[in-house]
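Given next are the chains, with one letter for each unit.
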Amino acid sequence: AHAAPAHAAPAHAAPVVIFIPGGPGQTSMEASLSYPAEFAVVRTDPRGMGCNFSPNLPDEALSTKEIAGDIRAIVREIASSGRPYILHGISHGTMAATMAAAIQDEAPSPLATVLEGTVGRPFAGDEYLEGYLREWRSLKARLPQATLKL
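Predicted model only: the values in this text are computed from it and were never measured. (Residues numbered from 1 in each chain as written. Predicted model: local features only at pLDDT ≥ 70, side-chain atom pairs only at ≥ 80, totals over all residues. Heavy atoms only, no water.)

A. Main features of the sheet that holds strand E2 (residues 40-43). Taken in spatial order, the 4 strands of this open sheet run E2-E1-E3-E4, and their pairing is parallel. Each edge of the sheet is formed by a strand with only one pairing partner; in this case those strands are E2 and strand E4 (112-116). Each strand of the sheet is rotated relative to its neighbour by a mean of 20°, with strand direction disregarded. When strand E1 (residues 16-20) meets strand E3 (residues 85-90), the two strands line up parallel, connected through 5 bridges. Note on E3: the bridge partner recorded for Ile20 is Gly89. Helix H1 (residues 64-80) contacts E1, E2 and E3 of the sheet and is inclined by roughly 170° relative to E1. Where helix H2 (residues 93-102) meets the sheet, it contacts E1, E3 and E4, and its direction lies at approximately 150° from that of E3. (Pairing = 2+ DSSP bridges. Helix = DSSP H or I, 4+ residues; strand = E, 2+ residues; numbered from the N terminus. Axes fitted to C-alpha atoms, helices over the stretch in contact; angles between N-to-C directions. Contact = heavy atoms within 4.5 Å.)

If you want it as structure tokens, here you go:
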């Protein structure tokens, strides 16, 4: 019989989700996330942003390739516990997630790579505000005049 390494997680262990925000320049610490309760989540902030802010980083240290390498360091740490992992990138984070998933090292490949973004034409001008403005005008028309003077 073959025994699993002492540090290996049980075969039924829920995965760890590594969340990679968009931007470039977004932070994940404030993002509203909804994964199954049994999943562990690692929120990442790219170099130079959020909890990783530093005004002294040179531009070459802020590339998507460097960020993918940082994510891969997280992957190696998770892999040492034997837990499976999922990469979840949004917007620009899909590039870093794709690059991190493609890096070949001692860590296993992700259980899944989730790439969340938008496909379609870009908004023209202030078009992205139209829905908000339509709702605001509708609500504003129903508010008491005294409220509008605050």
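Having put the structure on the table, let's press on.
B. The arrangement of a nonpolar patch on the surface in detail. On the surface, a cluster of nonpolar side chains totalling about 720 Å² of accessible area is made up of Phe123, Tyr128, Leu129, Tyr132, Trp136, Leu139 and Leu148. Per element, the largest residue contribution to the nonpolar patch is 3 residues, and it comes from helix H3 (residues 130-142). Inspection of the secondary structure puts Tyr132 in helix H3. Exposure remark for Tyr132: the relative accessible area of 57% places this residue in the exposed category. (Patch = residues over 30% accessible without salt bridge, like charges linked within 9 Å, V, L, I, M, F, W, Y side chains within 5 Å. Areas by Shrake-Rupley, 256 points an atom, 1.4 Å probe, with all protein chains shown as cover. Salt bridge = Lys/Arg side-chain N within 4 Å of Asp/Glu carboxyl O. Buried < 20%, exposed > 50% of the residue type's maximum accessible area, 1.4 Å probe, protein only.)

C. Spatial organisation of the side chain of Thr94. For Thr94, the location among the structural elements is in helix H2. Non-local contacts of Thr94, meaning those with residues more than four positions away in its chain, are made with Gly89, Leu115 and Glu116.

D. Structural context of the pairing of E3. The buried fraction of E3 is high, at 5 of 6 residues. As judged from the 5 bridges shared by E3 and E4, these two strands associate in the parallel manner. By the bridge assignment for E4, Gly89 is matched with Leu115. Taken together, E3, H2 and E4 form a β-α-β motif whose crossover is right-handed. (Right-handed = clockwise from strand over helix to strand, strands pointing away.)

E. Inspection of the pattern of salt bridges at higher detail. Summed over all chains, the structure comprises 3 salt bridges. Taking the shortest distance from any N to any O, the salt bridge between Asp105 and Arg76 comes out at 3.0 Å. On the criterion of sequence distance, the pair formed by Asp105 in the loop between H2 and E4 and Arg76 in helix H1 is long-range, its members being 29 residues apart. Residue Arg76 is classed as partly exposed on the basis of its relative accessible area of 32%. Each member of the salt-bridge network shares a partner with another, and the members are Arg72, Arg76, Asp105 and Glu106.

F. Up close: the nonpolar core. Grouped together as the largest cluster of nonpolar side chains are 16 residues, with contacts concentrated most on Ile18, Ile20, Ile71, Val75, Tyr85 and Leu87. Within the residue set of this core, elements represented by two or more residues are E1, H1, E3 and H2. In terms of residue count, H1 provides more of this core than any other element does, 6 residues in total. When neighbours within four sequence positions are excluded, Tyr85 is seen to be in contact with Pro15, Val16, Ile18, Arg72, Val75, Ile78, Pro108, Ser109, Pro110, Leu111 and Ala112. (Core = buried A, V, L, I, M, F, W, Y, C linked by side-chain atoms within 4.5 Å.)

Just geometry here; none of it tells us what the structure is for.
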